Amino acid sequence: MRYEIRVAGAMSDTMLDEGFPELESFVIASQTVLVGPIVDEAHLYGLLARFQLLGLRVTELRQLPE
Amino acid sequence: MTGRPGHPAGALRRAAAPRADPALAGRLGVPPVPATFVRRARLADRLARGVREHPLVLVDGPAGAGKTLLVCDWLRTSPPPHPAAWLTVEAEDNSPAVFWHDVGQALHRAGALPRAVGAARRAAPAGRPPRHLATGLGLRRDPVVVVLDEFERITDPEVATGLDHLLRHCGGMLRLVLVSRNEPLLPLHRYRAADEITEIRAADLAFSEEESSALLTRHGLALSGPDVRVLTGRTEGWAAGLRLWALAAARSPDCGRYLKEFEAGHSTIADFLLAEVLDTQPAGTRDLLLRTSILDRIHPALADALTGSRDAERILDELARANAFVTPLNGPWYRQHPLFAEILRVHLRARHPGLPPELHLAAARWLQRAGLLDEALRHAVAADRWDLAAAWFAGGPAVDQFFSSTGPGRSAALFDAMPAGLEGPCAELIRAARALAAGDCAAGTAHLDRAAAGLTAAEDDAPARLTAAVLRLVAARLTGSAPGAVEAARTADRLRRTVPADPGREHQVLPVRLFTDLAAVRLWSGDPGAARAALLAAVAEAPGAEHPERYEPLGLLALVELLGGAVGPAERRARQALAEAGTWEAEGTGRAAIAHLVLAWIALERGDPAVVRSHARRVPAAEAGAVTGGAVDGGAGDNGVVDSAAGHGGAGESGAVDGGAPVVGSGPGGDPLRIVLGAVVRARFALRNGDPRRALALLAAAEHPGAAGEPSPWARGLIAPVAAEALVAAGAAGAAVGLLPAGQARSPELALATARARFAAGDRGAAARALPRTPAGPPATVTRILLLKAEAGAADGDERTAAHLLTRALATARPDRLRGPFLEAGPWLAAFLRRRPDLTADHGWLPEPLRRRAAPVPGPAEDAPPVEPLSRREREVLERVAQLMSTQEVAADLQLSVNTVKTHLKSINRKLCTSRRTEAVRRARRLHLL
């Protein structure tokens, strides 16, 4: 499964590299878009928890077609 | 990085002396509110009203929204007129056992439970809150407020279900405030529908412009109205964002320009601002913040150990005063705001990639030397140093955590994840402990042998050798090996004097466990005197009812008393044991089983089947070692005969067991002592209910109790008389005679059994010879011997002797109200007493049927034919019952339903004026109906 997750605001490189090393990312119009493979649901929820722990607001979450 | 300034133990001593769980104590206090806090009346009022009007208040918002401070400030400045308990939830609480223990501690600390309600350490089964919490709360006159902070860590639905249950079953005496980032798993819709919840959510927690302005003023910043509006809009009123901005702006030369830049930027707020603030900190402060981000709580000396400096105390104090990143906890401890710590850890990894494991290791070493083992172990594991974790755990006085009556401790669970490849004696000891705790004696012994090969006689290895000896003793108890137990106990006792006890533990568990395990083996090997001495020593090592390990030796003492014939003291000890076990929520565990079985036995001797059942039901199934279906578990009526057959089955059929609680310290094996005792009590109960086949099956299942290969002489001495009696009842008196040892019986019970078998086989002379002239022993046995002699006398037509013996039997049984022997005595006794009502005139305690006087309407004339003849079907049923077929077997044989067979049995009993199937068979034989 590949997911695309959008977070409000531009995340710093430090945060992207160390906080979410498994995802690719780019920044557009005051949003950070993270894209990457999600192993399973546990991974997905773990990821969401990580966003929350780091004070990041998820604005969009969708599964990408294979 | 070890051996840093200030020995940790010394540094800690300045704090409050660590009690049972110093880390927990730190989570039970209401955290302090910083000077920069802005009280927001709209929220405080809502919170106060919510607690007044609703059982549940949910404060629900993102990290850094000011949830915790809102509740802290409310409790500190306008507390409710009720006691308030606080618990900051941590990851380990995400399991019912730990969660309810910690909640119980919080309630106790708040003085919210009556003193009599002990501090339980173990949850009731199935995630329910411990019973004493609901009861304790229900006894209150006014409600108690319970705040659970950081409740988002609870994801176990069982915990949420338990909380919901507690809210609904405490008589409205609980006001729960949940502070969480996520919606808790409680059924919130129901609370909403019933108007039982107040919710303060993210939108409510967001700062308004006025509130933002007040906050900035606290930080010494004066912004214009429009600027405040801009900042509030950009941060969306998020408290952490506002605070971080204030900290960053305070160091910026031009506050207004800084705001413009911030507004124009699009960066994520906390991430960006935290990096900004961090970079403006002095190097020492920055380093300290990054390095201590791995800690759950920060001690200045521990921080020094991580930074290699000596100024942590000053820096932490300054940071706390400025309300930047850290807040003070109780004593000298601090903690980082969880949101900031999380972001700081990301920065730590980015800036110093190899450092986190090193820091964890340094923290682990410091905490271990400070005696904070649980926290030390967590960091050792985080540093991937399982070798150290194993050495500290097995080489310390902590390994009894596995065998604590209150369940494995926090750290025992940590070792579930220990890599299988880890070598060394300490790792083997931990594996042995896990195996033995699960009742797997063979695996445990194998690991112990491997550990022993790696241990040296050096003094450094003394703690590990102590652990090994303790585990050897546990293994010896499981196998019932007396020499092994004595040797292990000696070694352990010698070593424990050289190894300092864990100062952090409130109760010293080890000596109590040593004496208890030793006593159990002593009793098993047939030395009740030595067992008794060891048990008294165990109790002496555990002064006071609040010692968590005392109930097991008390239960075993009760057993020793009972087998010695002291029914009253046995009953008192057993009741005390259960009362103390109840305090620790351990009544349903294997260790409390002995006390339950003692009380079941006593109830059996007193002829009180309901009490027998209620205790037998509390003995965990795994301990029974055999079927517990039918009469014991079915809760059938008192004429259990007919019903008991429903659960009739062979040995090893475990499907009928009741839902016993998970058993601590027992598994496939289990304590042989408990297995044998359980089987004997249940078999005797089956016999009393006229089901000798079941009794024999139960006893057969105890032939190889647990890890012990063979029953001990002690066990055989208990089993043989009951087995013989069962064979006699089953009409196989010859087999019974063969079962018992020839020659002079070693115990009065065996003598009685031999005599009874001979008597039943028709050899009255041999029966008389088997019995001692003046019977001695436990009163129940003496009573039975006297009754048998009386029966023999009556059968010989010597009415005078019989009456004399009967009088003595009654006098013997009277003090302890031992009705059992009389209920078992058979029809001759009822007939005899009907002729001699004078004998029972003074014995109001005897059960009705035996006391009935020769009244105008006598009982069924013994051998008068039934008023109503048996039907063909009833005769068929009775014939099969006489062949000792079970209800199911009769049903199958006659192609009837079980219920139909039961109905037939009931009408047979009615027509023959009997109450039990065996009685019916006997009577039918006498009447030549069979």
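My aim in this report is to walk through the structure given alongside it, one point at a time. On a predicted model such as this, the values are computed, not experimentally measured, just so you know. (Residues numbered from 1 in each chain as written. Chains lettered and ligands numbered in written order. Predicted model: local features only at pLDDT ≥ 70, side-chain atom pairs only at ≥ 80, totals over all residues. Heavy atoms only, no water.)

Brief notes about the overall build of chain A
Phase 1: Looking only at helices and strands, chain A has 2 helices and 4 strands in total.
Phase 2: Counting from the amino terminus, helix and strand elements in chain A follow one another as β-α-β-β-α-β.
Phase 3: Per-residue burial for chain A yields a buried fraction of 41% across its 66 residues.
Phase 4: Put simply, of all contacts in chain A between residues at least 6 apart along the chain, 65% involve residues at least 24 apart. (Helix = DSSP H or I, 4+ residues; strand = E, 2+ residues; numbered from the N terminus. Buried < 20%, exposed > 50% of the residue type's maximum accessible area, 1.4 Å probe, protein only. Contact = heavy atoms within 4.5 Å.)

Topic: helix α19 (residues 355-369) of chain B
It helps to recall that an α-helix has 3.6 residues per turn; residues three or four apart then point in one direction.
All names here are of chain B.
Phase 1: Under the 1.5 Å per step criterion, the end-to-end length of α19 is 21 Å for 15 residues, consistent within 8% with the ideal 21 Å.
Phase 2: Regarding α19, the residues found buried are Leu355, Pro356, Leu359, His360, Leu361, Ala362, Ala363, Ala364, Trp366 and Leu367.
Phase 3: Following α19 by one or two positions, Gly371 has its phi on the positive side, about 80 degrees. (Expected span 1.5 Å × (residues − 1).)

A word on the side chain of Asp164 of chain B
Phase 1: Along the polypeptide, Asp164 of chain B turns up in helix α7 (residues 157-168).
Phase 2: Among the residues examined, Asp164 of chain B registers a relative accessible area of 8% and is labelled buried.

So, the interface of chain B and chain A
Phase 1: Contacts between the two partners involve 17 residues from chain B and, on the opposite side, 17 residues from chain A.
Phase 2: Here chain B meets chain A over a buried area of about 1,500 Å², counting both sides, of which 58% is carbon and sulfur.
Phase 3: Taken as a group, Thr268, Asp271 and Val346 of chain B account for 31% of the area that chain B buries against chain A, more than any other trio of residues on that side.
Phase 4: In this assembly, chain B and chain A are joined by 2 salt bridges.
Phase 5: Of the charged contacts, one joins Glu236 of chain B and Arg57 of chain A as a salt bridge, the two residues approaching to 2.4 Å between their closest N and O atoms.
Phase 6: Counting every contact that joins chain B to chain A gives 7 residue pairs in polar contact (both at pLDDT 80 or more).
Phase 7: Top contributing element to the side of chain B that touches chain A by residue count: helix α18 (residues 338-351) of chain B, with 7 residues. (Buried area = accessible area lost by both parts, 1.4 Å probe. Salt bridge = Lys/Arg side-chain N within 4 Å of Asp/Glu carboxyl O. Polar contact = N/O pair within 3.5 Å; in protein donor to acceptor, adjacent residues only side chain to side chain.)

Description of helix α27 (residues 510-524) of chain B
Residue and element names in this part refer to chain B.
Phase 1: Its 15 residues place the ends of α27 21 Å apart at the C-alpha level, agreeing with the 21 Å of an ideal helix rising 1.5 Å per residue.
Phase 2: With respect to burial, α27 is a largely interior element, 13 of its 15 residues being buried.
Phase 3: Backbone geometry just downstream of α27 places Gly526 in the positive-phi region, at approximately 90 degrees.

Quick look at the environment of Ala25 of chain B
Phase 1: You can see Ala25 of chain B is positioned in helix α2 (residues 22-27).
Phase 2: What Ala25 of chain B contacts, discounting residues up to four positions off in sequence, is Arg109 and Asn330 of chain B.

Concerning the nonpolar core
Phase 1: Among the nonpolar cores identified, the biggest contains 133 residues, and Phe20 of chain A together with Leu47, Val59, Val71, Val177, Trp245 and Phe325 of chain B are the most heavily contacted of them.
Phase 2: If you tally residues by element for this core, the top one is helix α12 (residues 239-250) of chain B, at 9 residues.
Phase 3: When neighbours within four sequence positions are excluded, Val177 of chain B is seen to be in contact with Leu47, Val51, Val57, Val59, Val71, Val145, Val146, Val147 and Leu148 of chain B.
Phase 4: Counting residues in each nonpolar core, the second largest holds 59 residues, with Val539, Val560, Leu677 and Ala702 of chain B among its members. (Core = buried A, V, L, I, M, F, W, Y, C linked by side-chain atoms within 4.5 Å.)

Description of the pattern of salt bridges
Residue and element names in this part refer to chain B.
Phase 1: Inspection of every chain in the model, using the stated rule, returns 68 salt bridges over all chains.
Phase 2: Between Arg378 and Glu90 there is a salt bridge whose closest N-O contact spans 3.9 Å. Of this pair, Arg378 sits in helix α20 (residues 373-382) while Glu90 sits in the loop between β2 (84-88) and α5 (96-109); the two residues are 288 residues apart in sequence, bridging distant segments of the chain.
Phase 3: Two residues, Arg257 and Glu261, come together in a salt bridge whose shortest N-O distance is 3.7 Å. Residue Arg257 and its partner Glu261 are located together in helix α13 (residues 255-264), separated by 4 residues, close to a single helical turn.
Phase 4: Here the residues in one salt-bridge network are Arg27, Glu90, Glu92, Asp93, Asp102, Asp296 and Arg378, joined through shared partners.

Observations concerning the pairing of strand β4 (residues 174-180) of chain B
Residues and elements named next belong to chain B.
Phase 1: β4 sits mainly inside the fold: 7 of its 7 residues count as buried.
Phase 2: Residues Leu174, Leu176, Leu178 and Ser180 of β4 are buried on one face, and the alternating residues Arg175, Val177 and Val179, pointing to the opposite face, are buried as well.
Phase 3: Where strand β1 (residues 56-60) lies against β4, 5 bridges are found, and the strand directions are parallel. For Asp60, the partnering residue across the bridge sits in β4 and is Ser180.
Phase 4: Handedness of the crossover joining strand β3 (residues 144-149) and β4 through α7 is recorded here as right-handed. (Pairing = 2+ DSSP bridges. Right-handed = clockwise from strand over helix to strand, strands pointing away.)

Let's talk about the sheet that holds β4 of chain B
Residue and element names in this part refer to chain B.
Phase 1: Taken in spatial order, the 5 strands of this open sheet run β2-β3-β4-β1-β5, and their pairing is parallel. The sheet terminates laterally at β2 and β5 (197-200), the two strands that pair on one side only. Averaged over all adjacent pairs, the angle separating strand axes in this sheet is 15 degrees, with direction ignored.
Phase 2: Taken together, the 5 bridges between β3 and β4 define a ladder with parallel strand orientation. The partner of Val145 across the bridge, within β4, is Arg175. (Axes fitted to C-alpha atoms, helices over the stretch in contact; angles between N-to-C directions.)

Here we look at the sheet that holds strand β2 (residues 24-28) of chain A
All names here are of chain A.
Phase 1: Pairing is antiparallel in the open sheet, where 4 strands are placed in the order β2-β3-β1-β4. Strands with a single pairing partner mark the edges of an open sheet, and in this sheet they are β2 and β4 (58-64). The mean angle between the axes of side-by-side strands here comes to 15 degrees, regardless of whether they run parallel or antiparallel.
Phase 2: Two strands pair when backbone bridges link them, and strand β1 (residues 2-8) and β4 are joined in this way by 6 bridges, in the antiparallel orientation. Considered in β4, the bridge of Arg6 is made with Glu60.

So far we have only geometry, and geometry alone does not tell us how the molecule works.
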